[in-house]
Structures are given as C-alpha cells and as structure tokens.
Amino acid sequence: MNDKDTYRMHTKVIQIGDRKIGGGNPIAIQSMTNTKTEDVKATVEQILRLERAGCEIIRCTVPTLEAAAAIREIKKQIHIPLVADIHFDYRMALAAIENGADKIRINPGNIGNPERVKAVVDAAKERNIPIRVGVNSGSLEKPLVEKYGGVTAEGIVESALDKVHMIEDLGYDNLVISIKSSDVLMCVKAHELLAGRTVYPLHVGITESGTVNSGNIKSAIGLSLILSQGIGDTIRVSLTGDPVEEIKSAKLILRTLGLRKGGIEVVSCPTCGRTQINLIDLATKVEKMVEDYPLDIKVAVMGCVVNGPGEAKEADLGVAGGIGEGLLIKHGEIVKKLPEDQLLPALKEELDHWS
Ligand code: SF4
C-alpha cells in the first residue's frame, strides 16, 4: 500500500495536549503508569522515567477523587500529555477534566445512564479535550454476544461504533477509538473492519498480552499485522512489568516496521559452537549501553572471526569475537584487534565520538 493511501493518512487530526495524532502524524507511543495515581511523587517519578525512555502520551487511572486532584499536581511536573483512565464513575471523569486531564478514556457503556454520559461529554466539550472511546472484548454487551454467536470482531466493532454514535449524537466529534482483545487475531480482524468504517484515529494495542516475554511476542505480532496495513495512529504495548519495557518494545516495533527513525539498532548473532567470547553477556551490555545515544545507526555484535566480520559488514559499527580477543569493525572494515574486556569500552568510545 502506498503511504498516502494508508488509513492513518486520512484519519481526523486530534490534539492531545501539545501532541497531534491522526491525519498522518507520527504514530505516538503511549504507556500507562502502574503507581497509585494519588501518590504524586511516585507517579511523577515513573512518568519522568517513561519520558526519558521515549513515552509520548501517558495514561493514569483515576479511581478516586483524590486521584483526580493529583492530576493537577502531576501535570505541573511532567512534560507529556496526560490521559485520565475512567471506569464506571462519571464523577471521576468530571473531576479529571476539571483538574486538567488532556484527554479522558471512557467506555460509555459502563458510565451509566445517558445523562451521565452527557455530563462527561459536555465537560470535555467545554475544554475541547478529546475522549477516547474504549471497548474491550471482555466487556462486550450481551445482545451483541448473542447477535454474533459469541465474542467476535464484528461484535466489538459494532459496540465501539454504537458508543461513538452516542457521543456524536451529543454533538461531539473530538474522539479517538480503541478496541481491544487479548485474542490477537480477533483484535487484528476488528481493526481491519473498523478502519474502513470510521474517520477517527485508532489507539492500537493488544490487551492483557502477558508478561514481558509473551506480551512482547503477542504485541509484536498483533501490532505489526495492524500497523503494516496502514492502520493505527497511536500505540500501547501492554506488558505485565515495568512500563518502561513497554516503551522500548513500542519503539522497536515501529522501527522494525519502518514507521519510525532514530535510535541504535543492535544486531547480534544467535551464538553457536564457533562462538569465542561471552557473547550473550556482551550483547546484553551493548543493548543497554546504546539506549543513551541519540544516533540512528546499526551496531553488530558477532561471536566469531570466521563469520562475524562478514555478517557485521552491513552494520555501521561492530565487534566480532576471537579467542580471548575481538575485532572492532567500522563500516565493514576491521580497524582494531582488542582483548575481550576492551571490546565494550572501545565500542563506547566510538559511540561517544559519533554522537
Ligand atoms: S557469527 Fe560466528 S559465532 Fe555467531 S552464529 Fe555466526 S558462526 Fe556462530
């Protein structure tokens, strides 16, 4: 699909704080804090760590009025837009908006009667902040489950569009939609169906995808299948773990799909019987080290001098292990032979020089 023909080029542009999504804007990376929002200090600390990792929009749960009030304080100390996540109680949405949330995420289906939904929409309208309409397969309404003979992609899409129409009927169209399912292929199908039926930007993620290992795999598969079809304007990788890991994974997914530039890509060989150095340890350390450099290059970490230099040829910088020593390779050329323990410092020196 030609870039200008993708769905994401034609979605409505929505402003969240100082960030725009939709209409071909870069796909924004989001995460969610797992601190108590009421604990301003812990929440701000976590958001600042997430900002440093590359988080562009942050969401915090707002289960209490105290949490809603904390938003005002948190916002003073962070630098990215803050989304208030609301479940069930419309008063929390009103309080979050009152306290300066840049966007709210609600499922109008669990907010209660239409007057309550209208009160939330009116408050958002007054401040012109977007509403993300979120629907999860786990909370699909019974009539839709019956209509489609179970929880299906069609049912999720119909549920989401019903909610969107409910808000449009109240005279508001500053909206983002998210539809989520932990069933990866159902989630992909639902996005394919929805993309053709709405102009609103889509927040894409695989929900309850699991711990860092399984969650990364499920998210990478699901997000790749969706994003590579030109669908999706903002993403969250959901992981049971430190949210900073979500940001690292999101960046890697976008980079791998060619949807984002920047950052150092580390390629390393899988190791084999020829591996001559402690490559797993070295590659892990290199991967950690490169996080701090604002370079857009490829670094190769290879285990032997037989295939290493050849395989590192396509990288800008690389190391290949020998017996107790290794080679430093630049643009495919061997430039130095070094003792094993000097490989990491030598790479660091090069990166310092390049940045
Ligand atoms: S680069 Fe060398 S050590 Fe690594 S997998 Fe290839 S042959 Fe094995």
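A short tour of the structure in this document, coming up. (Residues numbered from 1 in each chain as written. Predicted model: local features only at pLDDT ≥ 70, side-chain atom pairs only at ≥ 80, totals over all residues. Heavy atoms only, no water.)

1. Structural notes on the overall build of the protein chain
Turning to step 1, where the next piece is worked out: Looking only at helices and strands, the protein chain features twelve helices and 15 strands.
Turning to step 2, where the next piece is worked out: If you line up the protein chain on its principal axes, its C-alpha atoms span 75 × 45 × 35 Å.
Turning to step 3, where the next piece is worked out: Across the 355 residues in the protein chain, those meeting the buried criterion constitute 51%.
Turning to step 4, where the next piece is worked out: Across the protein chain, contacts joining residues at least 24 apart in sequence account for 63% of those joining residues at least 6 apart.
Turning to step 5, where the next piece is worked out: A total of about 16100 Å² of accessible surface is found on the protein chain, and carbon and sulfur atoms cover 52% of it.
Turning to step 6, where the next piece is worked out: Here the protein chain carries 43 positive and 48 negative side-chain charges, and the mean point of each set is 2 Å from the other. (Helix = DSSP H or I, 4+ residues; strand = E, 2+ residues; numbered from the N terminus. Buried < 20%, exposed > 50% of the residue type's maximum accessible area, 1.4 Å probe, protein only. Contact = heavy atoms within 4.5 Å. Areas by Shrake-Rupley, 256 points an atom, 1.4 Å probe, with all protein chains shown as cover. Lys, Arg positive; Asp, Glu negative; His and termini not counted. Charge placed at Lys NZ, Arg CZ, Asp CG, Glu CD.)

2. Quick word on the packing of helix α10 (residues 279-290) against helix α12 (residues 343-354)
Turning to step 1, where the next piece is worked out: One can describe the packing of α10 onto α12 by two numbers: an axis separation of 11 Å at closest approach and a directional angle of 25°. As far as their axial angle goes, α12 and α10 are roughly parallel. The hand of the α10/α12 crossing is right-handed. Contacts between α10 and α12 involve Leu 282, Lys 285, Val 286, Met 289 and Val 290 from the first element and Leu 343, Leu 344, Leu 347, Lys 348 and Leu 351 from the second.
Turning to step 2, where the next piece is worked out: Looking at side-chain class alone, the contact of α10 with α12 contains eight nonpolar, no polar and two charged residues. (Axes fitted to C-alpha atoms, helices over the stretch in contact; angles between N-to-C directions. Parallel < 35°, antiparallel > 145°, perpendicular 65-115°, else oblique. Left-handed = near helix turned anticlockwise from the far one by under 90°. Nonpolar A, V, L, I, M, F, W, Y, C, P; charged D, E, K, R; others polar.)

3. Structural notes on the site of the ligand
Turning to step 1, where the next piece is worked out: Taken together, Cys 269, Pro 270, Thr 271, Cys 272, Arg 274, Thr 275, Gly 303, Cys 304, Asn 307 and Glu 311 form the complete shell of residues around the ligand.
Turning to step 2, where the next piece is worked out: Here the shell around the ligand is built from residues that sort into four nonpolar, four polar and two charged. (Near = heavy atom within 4 Å.)

4. Quick notes on the nonpolar core
Turning to step 1, where the next piece is worked out: Counting residues in each nonpolar core, the largest one holds 73 residues, and the members touching the most others are Val 62, Ile 86, Ile 104, Ile 131 and Ile 179.
Turning to step 2, where the next piece is worked out: In terms of nonpolar packing, the next biggest core, distinct from the first, is built from 30 residues, Ile 264, Leu 282, Ala 300 and Val 319 among them. (Core = buried A, V, L, I, M, F, W, Y, C linked by side-chain atoms within 4.5 Å.)

5. A word on helix α9 (residues 243-256)
Turning to step 1, where the next piece is worked out: For α9, spanning 14 residues, the distance from its first C-alpha to its last is 20 Å, which sits close to the expected 20 Å at 1.5 Å a residue.
Turning to step 2, where the next piece is worked out: Within the sequence span of α9, burial applies to Pro 243, Val 244, Glu 246, Ile 247, Ser 249, Ala 250, Ile 253 and Leu 254.
Turning to step 3, where the next piece is worked out: On its buried face, α9 is in contact with β3 (28-32), α1 (40-53), α8 (212-227) and β10 (234-236).
Turning to step 4, where the next piece is worked out: Regarding α9, its N-cap is Asp 242, as a side-chain oxygen of that residue lies 3.0 Å from the backbone nitrogen of Val 244 further along.
Turning to step 5, where the next piece is worked out: Looking at the residues trailing α9, positive phi occurs at Gly 258, about 75°. (Expected span 1.5 Å × (residues − 1). Polar contact = N/O pair within 3.5 Å; in protein donor to acceptor, adjacent residues only side chain to side chain.)

6. Digging into a nonpolar patch on the surface
Turning to step 1, where the next piece is worked out: Judged by side-chain polarity, Leu 185, Ile 217, Ile 221 and Leu 225 come together as a nonpolar surface patch covering roughly 370 Å² of accessible area.
Turning to step 2, where the next piece is worked out: Among the elements that make up the nonpolar patch, the one with the highest residue count is α8 (three residues).
Turning to step 3, where the next piece is worked out: In this fold, Leu 185 is placed in helix α7 (residues 184-195).
Turning to step 4, where the next piece is worked out: Residue classification places Leu 185 among the exposed positions, given a relative accessible area of 60%. (Patch = residues over 30% accessible without salt bridge, like charges linked within 9 Å, V, L, I, M, F, W, Y side chains within 5 Å. Salt bridge = Lys/Arg side-chain N within 4 Å of Asp/Glu carboxyl O.)

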